[in-house]
Amino acid sequence: MTAGPPPDQRSSRSEVVLAALPAVALAILTFVATRPLGAHDVGSLPAAASGAPVVGIAIGDRAPDFVRPDGTPALVGLDERPVRLAEFAGTPLWIVFWATWCTPCSQEAPEIEAAQRAHAATGLRVLAIAVQDPASSVEEFMRRYGLDYSVALDTTAAVRDRYGGWGLPIHFFVDGSGTIRDRYIGQLSADGMEEHLRSILGSALVPNR
């Protein structure tokens, strides 16, 4: 039988392991918190909190307005004015929940911009809802990537929670009548964007860009 290390050496190793545990735990927590949840379609999205009404989260449902449970506006633009769903009535709308610190969000942002420009003739509009991000960070992000689509600030995550998603990015595709026609959790490729846009643009979809 092989003898183990001397007691003083075993004690030293134990102290090193114990000292490293907080750092390891923090690394794991950071990875879980920032990774996108599944680059795939989902059958259902849960309500944000126990007992919260399940509204506007299923394909075929009406998209909920951008308000808190008490009816007060929950989104503001970079100009600090409230943003409401009614502003996009009658046009196909692509809603994406994102954050400046989210790597997959920054990777897909230029593709979102390109898709909106390619389908401008269809009336497509993009609303990128920054979740719990300061206005200064969002403004710098938009400048850095040369983005021209609409953005709004969801400072308390009330709208993201009402839509029922988790993780970032999250995409919802809403037709001109305000009905959710498709949704996707995770980063979308350019081809994936075209596929999901078909649900709200249909025959008006421009196939190449």
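Scroll up a little and you will see the structure.
Described below are features of the structure shown in this document. These figures come from a predicted structure and were not determined experimentally.

**A look at the overall build of the chain**
- Across its full length, the chain carries 5 helices and 5 strands.
- Across the chain, helices and strands are ordered from the amino to the carboxyl terminus as α-β-α-β-α-β-α-β-β-α.
- Taken over 209 residues, the chain has a buried fraction of 39%.
- For the chain, contacts bridging at least 24 residues in sequence account for 69% of all contacts bridging at least 6.
- Summed over its atoms, the accessible surface of the chain is roughly 11,000 Å², and 56% of this surface lies on carbon and sulfur atoms.

**A closer look at empty space enclosed by the protein**
- For the coordinates displayed, the defined rule picks out 1 cavity of 30 Å³ or more.
- As a volume, the largest cavity reaches approximately 40 Å³.
- Taken together, V96, W98, C105, E108, A109, I112, A128 and Y149 form the lining of the largest cavity.
- Of all the secondary structure elements, the ones that give two or more residues to the lining of the largest cavity are strand 1 (93-98) and helix 2 (103-118).
- Residue composition of the lining of the largest cavity, by class: 7 nonpolar, no polar and 1 charged.

**Thoughts on the nonpolar core**
- In this structure, F66, W94, I95, F97, Y149 and Y163 are the most contacted members of the largest nonpolar core, which totals 51 residues.
- Filtering out sequence-adjacent residues up to four positions away, F97 remains in contact with I129, V131, D154, V159, R160, Y163, L168, P169, I170 and F172.

**Description of the side chain of H196**
- Structurally, H196 can be placed in helix 5 (residues 190-201).
- Side chain to side chain, H196 and D182 meet in a polar contact 2.7 Å long.

**Here's the deal with helix 5**
- With 12 residues, helix 5 should reach 16 Å at 1.5 Å per residue; the first-to-last C-alpha distance of 16 Å fits that figure.
- By the burial criterion, the buried members of helix 5 are G192, M193, E194, H196, L197, I200 and L201.
- For helix 5, the elements touching its buried residues are strand 1, helix 2, strand 4 (170-174) and strand 5 (180-185).
- At the exit of helix 5 stands G202, carrying a positive phi of roughly 55 degrees.

**Comments concerning unusual backbone geometry**
- Here L168 and P169 are connected by a cis peptide whose omega angle stands at 0 degrees.
- Within the secondary structure, P169 is located in the loop between helix 4 (158-163) and strand 4.
- The phi dihedral of Q132 is positive, around 50 degrees, even though this residue is not glycine.
- Among the structural elements, Q132 can be located in the loop between strand 2 (125-131) and helix 3 (135-145).
- Its identity is not glycine, yet A157 carries a phi of approximately 65 degrees, on the positive side.

Rules used in this analysis
Residues numbered from 1 in each chain as written. Predicted model: local features only at pLDDT ≥ 70, side-chain atom pairs only at ≥ 80, totals over all residues. Heavy atoms only, no water. Helix = DSSP H or I, 4+ residues; strand = E, 2+ residues; numbered from the N terminus. Buried < 20%, exposed > 50% of the residue type's maximum accessible area, 1.4 Å probe, protein only. Contact = heavy atoms within 4.5 Å. Areas by Shrake-Rupley, 256 points an atom, 1.4 Å probe, with all protein chains shown as cover. 1 Å grid on protein atoms, 1.4 Å probe; cavity = no way out; pocket = protein on both sides within 12 Å on 5 of 7 lines; lining within 4 Å. Points joined across faces, edges and corners; volume = space filled by probe spheres on them. Nonpolar A, V, L, I, M, F, W, Y, C, P; charged D, E, K, R; others polar. Core = buried A, V, L, I, M, F, W, Y, C linked by side-chain atoms within 4.5 Å. Polar contact = N/O pair within 3.5 Å; in protein donor to acceptor, adjacent residues only side chain to side chain. Expected span 1.5 Å × (residues − 1).

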